[in-house]
Amino acid sequence: MDLSHSGISLLLVFIAASVSVVRASVGETFRECKQFMYKGTPPAGLTDDSLLKICQHYNNRPRFATLYDAKKRIPVYSAYTFKKSDGEKRVNFPWMYEPQLSSMTGTNNMQPFPRGGSEVRIEESQAVLQDYSDAILYERGPLNPDQHQASPSDKAATYTLTNIVPQVKEFYNRHWSAYVDSVRKRFNNYCNGKAYIVTGVTTSGNTIRRENTDRVGIPKYIWSAYCCPNYDLNAPYDVRYKFPTFAAYGLNEVVNNFVTEVSPRKLETLLKREMNVDQDFQLFYRDCVAD
């Protein structure tokens with residue numbers, strides 16, 4: 001199709017306007033997910049205005065919140081509340097995509113990928129299954145893991161690619177999964193109230209490529225922090241000092257990939273070095289100190 005300069009300009013204006021409408025629509029729904037953040041407050045100090053705030057819905061209910069990098073096609077973090085769980089993974093749910101990113105209208109509910117391949121509008125806005133099909137070094141690593149959820153619907157909601165980052169298999173299977181399970185047991189036994197978790201990534205510029213195109217950003221670090229203000233004061237000391245809040249991070253590599261548990265302040269120091277955040281960056285409102 002031969003477009004004049006004026007026609008091209010109008011097309012670019014239309015695309016920019018469409019992106020702005022999608023961004024505004026997605027941001028409006030984010031308020032519905034404040035329940036998944038301590039004191040209804042998301043991590044403060046993230047300075048990249050291009051990141052999209054998504055309230056992830058499944059079966060007409062908000063399930064967790066995600067800050068999404070549409071350029072790298074990965075979540076920067078997912079924020080969710082822990083539900084006491086037996087830790088069993090459910091792998092019989094279909095993988096889904098986020099319609100809020102790919103269209104100005106329609107449902108807010110995540111949807112199964114279309115059979116026969118993804119539409120162009122989906123591929124332009126987020127990762128798709130084809131991006132992971134030849135990425136043999138990586139697992140689809142969830143930031144909100146189904147092992148931290150209890151009901152079938154909450155577990156199913158974690159199977160959206162907007163909750164997934166590429167994790168090196170050796171790191172994911174040997175170290176990160178073990179850490180996720182240790183937190184599950186810790187909360188099952190000693191967290192008496194609601195627990196808020198934020199799990200995210202830093203990136204270094206490496207990507208999964210498909211058809212000679214950069215498609216999905218590969219995290220450098222995977223990190224997580226939690227806040228459980230109401231906990232068992234009689235817990236053993238080796239557990240009790242990790243309440244009400246603690247954190248962890250690990251290098252998403254084949255070697256030197258162990259998980260290190262640290263205070264949230266130490267994690268914030270790492271993230272200030274690795275991410276585009278300001279000096280007021282804070283994971284939890286008032287550092288998870290109860291009123």
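You'll find the structure just up there.
The model shown is predicted, which means the values in this text are computed figures rather than measured ones.

### Regarding the environment of Glu-211
Its location among the elements puts Glu-211 in the loop between strand S9 (196–210) and strand S10 (213–227). Classification of Glu-211 by relative accessible area gives exposed; the value is 69%. The spacing of Glu-211 and Asp-131 is 80 residues in sequence and 9.7 Å in space, taken between C-alpha atoms.

### Comments concerning the packing of aromatic side chains
Counting across every chain of the model gives 14 aromatic pairs. Ring geometry for Tyr-38 and Tyr-196: centres 5.8 Å apart, planes at 65 degrees, overall edge-to-face. One end of the pair, Tyr-38, is in the loop between helix H1 (5–30) and strand S1 (44–46); the other, Tyr-196, is in strand S9, with 158 residues separating them in the sequence. Of the two residues examined, Tyr-38 and Tyr-196, each falls in the buried class. For the ring pair Trp-176 and Tyr-179, a centre distance of 5.2 Å and an interplane angle of 45 degrees mean the geometry is tilted. Of this pair, Trp-176 and Tyr-179 both sit in helix H6 (residues 169–190), 3 residues apart, which is roughly one turn of that helix. Judged by relative accessible area, Tyr-179 falls into the buried class, the value being 6%. Ring pairs connect the aromatic residues Phe-82, Phe-187, Tyr-226, Tyr-231 and Phe-243, which therefore count as one cluster.

### Details of the pattern of salt bridges
Under the definition given, this model contains 14 salt bridges. For Arg-210, the salt bridge identified is with Glu-123, shortest N-O distance 3.0 Å. One end of the pair, Arg-210, is in strand S9; the other, Glu-123, is in helix H3 (residues 120–125), with 87 residues separating them in the sequence. There is no split in this pair, since Arg-210 and Glu-123 are both buried. The shortest N-O distance in the salt bridge between Glu-261 and Lys-242 comes to 3.2 Å. Pair noted here: Glu-261 is in strand S12 (residues 259–262) and Lys-242 is in the loop between helix H7 (237–240) and strand S11 (245–251), with a separation of 19 residues, a long-range link. Judged by relative accessible area, Lys-242 falls into the buried class, the value being 13%. The network of salt bridges with common partners includes Glu-123, Asp-131, Arg-210 and Arg-215.

About the cut-offs
Residues numbered from 1 in each chain as written. Predicted model: local features only at pLDDT ≥ 70, side-chain atom pairs only at ≥ 80, totals over all residues. Heavy atoms only, no water. Helix = DSSP H or I, 4+ residues; strand = E, 2+ residues; numbered from the N terminus. Buried < 20%, exposed > 50% of the residue type's maximum accessible area, 1.4 Å probe, protein only. Phe/Tyr/Trp six-rings, centres within 6.5 Å; stacked < 30°, edge-to-face > 60°. Salt bridge = Lys/Arg side-chain N within 4 Å of Asp/Glu carboxyl O.

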